[in-house]
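What follows is each chain in one-letter form.
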Amino acid sequence: MNTMRCSMVFLALAILFCAAVVWNIRTGTVKISFGEIVRIIFTADKSDLPANNILWKIRLPRLLTAAVLGGALSLSGFLLQTFFRNPIAGPFVLGISSGAKMFLAIVTIALAGVFPTMPLSVTVIAAFLGSMLSMLLVLAFSGKIRNMSMLLVIGIMISYICSAVTDFLINFAKEADIVNLTHWSMGSFSGAGWTNLKAATLIVLPTLAAVFFLSKPISAYALGEGYAQSLGVNIRLFRVLLIAASSILSACVTAFAGPISFVGIAVPHICRILLRTQKPILMIPASFLCGAVFCMFCDLIARTMFSPTELSIGTVTSAVGAPIVIWLMISRRIKREE
Amino acid sequence: MKSEWYFSTDALCVGYNGRALISEITLGLRRGEILTLIGPNGSGKSTILKTISRHLAKIAGTVVLDGRDLHALSGRELATRMAVVLTERVRPELMSCGELVASGRYPYTNSFGRLTERDREIVRGALRRVHAEELYDRDFSEISDGQRQRILLARAIAQEPEIIVLDEPTSFLDIKHKIELLEILRDMAKKQRITVVMSLHEIDLASKISDKIVCVKGDRIAAYGTPDEIFTDERIRALYDIEHGAYNAALGCVELSRPAGEAEVFVIGGAGYGIPFCRALQKAAVPFAAGILWENDVEFPVASALAAEVVSVPAFAPAGEEAVARAKAIIGRVGRVIDCGCPVGEFNRVNGELLRCAGAKRTTEAGV
């Protein structure tokens, strides 16, 4: 029965994935019909027609980027929730995006004289480094503090400190110098091209594969560190690998798409409820797939709802994700107290 | 040379953050023996157990498991030999009992944790062992504390260990489940020769299940030996600093402290008839005297723990003039007697005499 349920969930996610792909390509100021999509993709028609260009150069890379990064974000959330044994742990709660933003602000202002307009590669590298640095800081504290909730609080505090530094820098910066920063911090999949997609995929997919190999110790970790250790898990190594994987994933997303909130918290919860299991071997692919579908639909909303004005992706994921999280927390509570 | 011990420690020193809490712990266990750590709260029982299970780094000394240094074993190797049941409350979400028990197979499964048919058979066997087969599909968070403890034990059994370390496995359990759990452990120890090291709060149960006892108190272990050597009234009183109340080693029972003051009533019982009266008087905080009791009477330990005065006679000896005179003197002083209804026969006819003599003052306030 459980196997049946899981198969159904994965089937449904696969169907939703396809639906999201088709819907995303069709919708926009220029409509592309379903038949045309199939024709263009399967004949690999790259001739210079408007529909072809829109599909190959704009919509397809954008939606694939949303899929890869959405999956990465949700998987990162799953790993952090496992590690912190706390349902609200997520990459952005722990200050990753604020760290990235602070670092980006410093780099932007420092290099304002060097580059007239900030190259994308520099933005990406700066945001990535910032994310990793703030995560390392949280990790440094985790060695000293055994209580995971306290660690979560420290993460949140670090995030406030980073925001304060960023705001301070912005106060003294010239408007023109920080255009790029403002743009980045809106968070968006727009402008995603094949180069970015390739780079992101090269980071995300190997990490996903590595996480699969961690699924066995993650399952042992479900009963707590004490039991995991008594089963032969090398706890210290495991902690480092888990945090490294989730940091790389969320840093990658932050670097390419800016801060995107709530995907990391909401999606793993949705998966848990759908699958009714905690087994990492199922949760890892489900989180990834569900995150991809979630972000593709959110991106669809972001670019079409108030078209031609585009919303930032974070606006949509928060608006959709936050109520889900609240609902989940309340229903969990009720279940506990029953 | 292989020592006679399967598991032993030599001058082991345990503590936190490099600071020694208890040192020079030296003990040895053969396969299938049960060692129980007893001692007051906070005495360091858990610290010792955590060091033995390698959850805490040792400070000094050695631990030897089957002729090899425990701290030189790889994590996986130790996992196939030693299983643990910890005190920390686990609350995994969305995990069935079957899945939880299956996690004990971790050291044996492939790199993705796939369970083979043999693994499943072992999991089912472990559940059968703790009489919890019907819980296989139940969610772990929805079962009772007693059931949870059994499932955690099944998890340890599924790990197929040679030694199992349990930290207060009986806390949170009612008496039925305590007995059940300890019986499972004794079975494992005696039938499968699995060595058991655990801590218990219930000294009465500890004396009944253990082959060896360690009393933990202070910076050394206070005593180590077989239950017969350890369970003397004085040693237990000293271990737990019992100033009021009593512990009876022979019966393994605990009495609360006796009511303070001069006896106000004389209890004439025997053969256990007087026990409910003694307890009732203790609860009502009425000091009392009791007699005449033979020292081999089941009532004697209770009365001597609770009564202000006991008129007693050595086992199997006739009650002499002196005892009768003492009893009469007390009755004369307190003026009230409780007849517990013990039949008067050939050997305790002196009690009948006491009752007759107290006849005038006799009260029958049975409920006190």
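Fair warning: this is a prediction, and the values are worked out from it, not measured in the lab.

1. Describing the overall build of chain B
Inference 1: What chain B contains, in helices and strands, is 13 helices and 16 strands.
Inference 2: Relative to the 2.2 N^0.38 estimate, which gives 21 Å for 368 residues, the radius of gyration of chain B is 26 Å and therefore markedly larger than a compact globule would have.
Inference 3: With respect to the principal axes defined by its C-alpha atoms, chain B has extents near 85 × 45 × 35 Å.
Inference 4: A total of 368 residues make up chain B; the buried ones form 41% of that total.
Inference 5: Once local pairs closer than 6 in sequence are excluded, the contacts in chain B between residues at least 24 apart make up 65%.

2. Looking at the domain arrangement of chain B
Inference 1: Taken domain by domain, chain B comprises domain 1 (7-243) and domain 2 (256-361).
Inference 2: One C-alpha centre belongs to domain 1 of chain B, the other to domain 2 of chain B; they are set 45 Å apart.

3. Quick notes on the interface of chain A and chain B
Inference 1: Between chain A and chain B, the residue contacts involve 21 residues of the former and 21 residues of the latter.
Inference 2: Mapped onto the side of chain A that touches chain B, the elements with two or more residues apiece are helix H9 (215-221) and helix H10 (225-230) of chain A.
Inference 3: Looking at the side of chain A that touches chain B residue by residue, the classes come out as eight nonpolar, ten polar and three charged.

4. Details of the packing of helix H3 (residues 50-84) of chain A against helix H12 (residues 263-275) of chain A
All names here are of chain A.
Inference 1: Look at H3 against H12: their axes get within 7 Å of each other, and the N-to-C directions meet at 80°. By the angle between their axes, H3 is roughly perpendicular relative to H12. Residues Gly70, Leu73, Ser74, Ser76, Gly77, Phe78 and Gln81 of H3 form the contact with H12, whose participating residues are Val263, Gly264, Ile265, Val267 and Pro268.
Inference 2: Of the residues in the contact of H3 with H12, the class split is six nonpolar, six polar and no charged.

5. Quick look at the nonpolar core
Inference 1: Counting 82 residues, the largest nonpolar core has Leu69(A), Ala72(A), Leu104(A), Cys252(A), Val253(A) and Cys295(A) as the members making the most contacts within it.
Inference 2: For this core, the leading source of residues is H3(A), giving 15 residues.
Inference 3: Discounting chain neighbours no more than four positions away, the residues touching Leu104(A) are Thr123(A), Ala126(A), Ala127(A), Gly130(A), Leu181(A) and Trp184(A).
Inference 4: Among the nonpolar cores identified, the runner-up in size contains 80 residues, and Leu37(B), Leu135(B), Leu153(B) and Ile230(B) belong to it.

6. Comments concerning the confidence of the model for chain B
All names here are of chain B.
Inference 1: Model confidence for chain B is summarised by a mean pLDDT of 85, while 95% of its residues fall at 70 or above.
Inference 2: Note on residues 364-368: pLDDT is under 50 here. Beyond four places in sequence and across chains, it has six contacts.
Inference 3: This prediction of the complex comes with two scores: 0.81 for pTM and 0.80 for ipTM.

7. Structural notes on the environment of Pro161(B)
Residues and elements named next belong to chain B.
Inference 1: Take Pro161: it is sitting in the loop between helix H5 (145-158) and strand S7 (163-167).
Inference 2: On a C-alpha basis, the gap between Pro161 and Arg120 in space is 17 Å, while along the polypeptide they are 41 residues apart.
Inference 3: For Pro161, the residues in contact, after removing those within four places along its chain, are Arg81, Met82, Ala83, Ala156 and Ile194.

8. Quick look at the sheet that holds strand S3 (residues 34-38) of chain B
Residue and element names in this part refer to chain B.
Inference 1: Judged by pairing direction, the sheet is mixed, and its six strands sit side by side in the order S6-S7-S8-S3-S9-S10 without closing on themselves. What marks the edges here is a single partner per strand, and that holds for strand S6 (82-85) and strand S10 (220-225). Strand-to-strand, the axes of this sheet are offset by a mean angle of 15°, without reference to chain direction.
Inference 2: In this sheet, strand S9 (residues 212-217) lies alongside S3 in parallel orientation, the contact comprising four bridges. Within the sheet, the bridge partner assigned to Leu35 lies in S9 and is Lys212.

9. So, the sheet that holds strand S15 (residues 309-313) of chain B
All names here are of chain B.
Inference 1: Taken in spatial order, the four strands of this open sheet run S15-S14-S13-S16, and their pairing is parallel. Only two strands of the sheet have a single partner each, and these edge strands are S15 and strand S16 (337-339). Adjacent strand axes in the sheet meet at a mean angle of 20°, parallel and antiparallel pairs treated alike.
Inference 2: For strand S13 (residues 265-268) and S16, the ladder comprises three bridges, and the chain directions are parallel. Among the inter-strand pairings, Val267 is bridged to a residue of S16, identified as Ile338.
Inference 3: Set on the sheet, helix H12 (residues 321-334) makes contact with S13, strand S14 (288-294), S15 and S16; between it and S15 the angle comes to about 160°.

10. Points about the environment of Val325(A)
Residues and elements named next belong to chain A.
Inference 1: In this fold, Val325 is placed in helix H14 (residues 313-337).
Inference 2: On the basis of neighbour counts, which here come to 18 C-beta atoms within 10 Å, the residue Val325 falls in the partly exposed class.
Inference 3: Val325 sits 44 residues away from Ile281 along the chain, and the two C-alpha atoms are 23 Å apart.
Inference 4: Setting aside its immediate chain neighbours within four residues, Val325 contacts Phe262, Ile265 and Ala266.

11. Structural notes on helix H4 (residues 96-110) of chain A
Residue and element names in this part refer to chain A.
Inference 1: Its 15 residues give H4 an end-to-end C-alpha distance of 21 Å, which sits within 8% of 21 Å, the value for a rise of 1.5 Å per residue.
Inference 2: Within H4, twelve of the 15 residues are buried, which leaves the element mostly enclosed by the surrounding structure.
Inference 3: Every buried residue belonging to H4 is among Ile96, Ser97, Ser98, Gly99, Ala100, Lys101, Met102, Phe103, Leu104, Ala105, Val107 and Thr108, and all of these are buried.

12. Details of helix H8 (residues 194-213) of chain A
Residue and element names in this part refer to chain A.
Inference 1: Between its terminal C-alpha atoms H8 stretches 29 Å, which fits the 28 Å expected from 20 residues at 1.5 Å a residue.
Inference 2: Every buried residue of H8 is accounted for by Asn196, Leu197, Ala200, Val204, Thr207 and Val211.
Inference 3: In the core, the buried residues of H8 are packed alongside H3, helix H11 (235-257) and helix H13 (280-304).

What counts, and where the lines are drawn
Residues numbered from 1 in each chain as written. Chains lettered and ligands numbered in written order. Predicted model: local features only at pLDDT ≥ 70, side-chain atom pairs only at ≥ 80, totals over all residues. Helix = DSSP H or I, 4+ residues; strand = E, 2+ residues; numbered from the N terminus. Rg over C-alpha atoms; globule rule 2.2 N^0.38 Å. Buried ≥ 20, exposed ≤ 12 C-beta atoms within 10 Å, placed from the backbone. Contact = placed C-beta atoms within 7 Å. Domains from an automatic or database assignment. Nonpolar A, V, L, I, M, F, W, Y, C, P; charged D, E, K, R; others polar. Axes fitted to C-alpha atoms, helices over the stretch in contact; angles between N-to-C directions. Parallel < 35°, antiparallel > 145°, perpendicular 65-115°, else oblique. Core = buried A, V, L, I, M, F, W, Y, C linked by C-beta atoms within 7 Å. pLDDT = per-residue confidence, 0-100. Pairing = 2+ DSSP bridges. Expected span 1.5 Å × (residues − 1).

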